[in-house]
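What follows is the residue order along each chain.
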Amino acid sequence: MKYNFGAGPCILPQEVFKQASEAVLNFNGTGLSILEISHRAPEFEAVMDESVHLVKELLNVPSGYSVLFLQGGASLQFSMVPANLLAEGQTAAYLDTGAWASKAMKEAKLFGNVQVVASSKESNYTYIPKDYEIPADAAYFHCTSNNTIFGTELFSFPKTPVPMVSDMSSDIFSREINVEDFGLIYAGAQKNLGPAGVVLVLVKDELLGKSGRKLPSMLDYKIHADNKSLYNTPPVFSIYTAMLNLRWLKAKGGVGQMEKENTAKAAALYEEIDRNPIFKGTCQPEDRSRMNVCFVTENPEHEKPFLKLAEERGMIGIKGHRSVGGFRASIYNALPITSVYSLVEVMQEFAQKNA
Ligand code: PMP
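Residues numbered from 1 in each chain as written. Predicted model: local features only at pLDDT ≥ 70, side-chain atom pairs only at ≥ 80, totals over all residues.

Visitor: I would appreciate a short explanation of the pairing of strand β12 (residues 292-297) in the present structure.
Guide: A regular strand carries its side chains on alternate faces of the sheet. Most of β12 sits out of view: 5 of its 6 residues are buried. Pairing of β12 with strand β14 (residues 327-330) involves 4 bridges; the strand directions are antiparallel. Directly across from Asn292, in β14, lies its bridge partner Ser330. (Buried ≥ 20, exposed ≤ 12 C-beta atoms within 10 Å, placed from the backbone. Helix = DSSP H or I, 4+ residues; strand = E, 2+ residues; numbered from the N terminus. Pairing = 2+ DSSP bridges.)

Visitor: Hey, could you run me through the sheet that holds strand β11 (residues 279-281) in this one?
Guide: Two orientations exist for strands paired in a sheet by backbone hydrogen bonds: parallel and antiparallel. Taking strand neighbours across the sheet as the criterion, the 3 strands line up as β11-β12-β14 in an open arrangement whose pairing is antiparallel. Every other strand in the sheet has two partners, leaving β11 and β14 as the edge strands with one partner each. Each neighbouring strand pair of the sheet contributes to a mean axis angle of 35 degrees, computed without reference to strand direction. Note that β11 and β12 share 3 bridges and pair antiparallel. Within the sheet, the bridge partner assigned to Gly281 lies in β12 and is Phe295. (Axes fitted to C-alpha atoms, helices over the stretch in contact; angles between N-to-C directions.)

Visitor: So what exactly am I meant to see when it comes to the sheet that holds strand β4 (residues 113-119) here?
Guide: The strand order across the open sheet formed by 7 strands is β2-β10-β9-β8-β5-β3-β4, and the pairing between neighbours is mixed. Single-partner strands in this sheet number two, and they are β2 (65-70) and β4. Ignoring which end each strand starts from, the neighbouring axes of this sheet average 20 degrees apart. Sheet topology note: the strand β3 (residues 91-96)/strand β5 (residues 141-144) ladder contains 2 bridges and is parallel. Its bridge partner lying in β5, Tyr94 is registered against His142. Seen against the sheet, helix α4 (residues 99-108) touches β3, β4, β5 and β8 (164-167) and runs at an angle of roughly 165 degrees to β3. (Contact = placed C-beta atoms within 7 Å.)

And the structure:
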């Protein structure tokens, strides 16, 4: 038995793997593989339509937003956001909560001015800064809703006088959000949406085509929106598998139900981290992520033997990112609570052996 706590690409529901693999051999009874049909075929158009529809339904997307399936990962969004929303000479406001936020800022600086409204860098990003002002003349405000590497999450978003842009790569579809509060949301697929290779963008139509820049077509949201994400060949298989995963999510009861389960999973794990004298959490309790649970051993000498025991018990992907060290258990939507209980048992077994 394997328990996959990997940070991404990560666990998806077994039934999604099964359905996706069936479609590789025979897609919807057509006698053709999903990998060989044209992206302009009506069968694939139906996949794209259903995917967009499921995103809108599950996230309650109001009218006036485009739902796009693009390529280049969340990392290309670090550039596409300023390319499309930051006009020459303008300033964009960024909240610096970790490595991904820093990378987003680095790219934005190629297009205009970046003002860091607050940063938790001095504490190695163990918390989410709360008191800051967003300048009213900024082109937009950018935040990372969940910090995959450092294990913090924004539980409330600021009221902003300017459009809010959020990188939701690692917590989209894990919690309820009010899309209306955002001008743009982007998310690399490979956590709670589907396989790597596609990135989801929700953008308010009124923000499109305003930067005054001449953009390469592939970097222009408006061109992708006008072409319903079919300007060029989209990542057909990633989108199809994401659609299957969204169907699964809907059948499970939707994002609200997922949030309840994710909250329970995270609570079970943090409870053990706080109770067990061998371990301690790395982040401020009120900002602890429900997706990526980061912890270390009180005694650094316990780190390697705990990792060894956990691996022997079938735990995959719990080694922490090198910039935090220790452990990171990613407990995305498809990870059942029983896997969290199994990890807790290993933590208890280790504590007994090392009391
Ligand atoms: N933002 C966040 C919050 C992430 O977790 C990641 C990747 N794990 C990225 C951006 C980069 O995504 P990609 O690899 O799809 O470019």
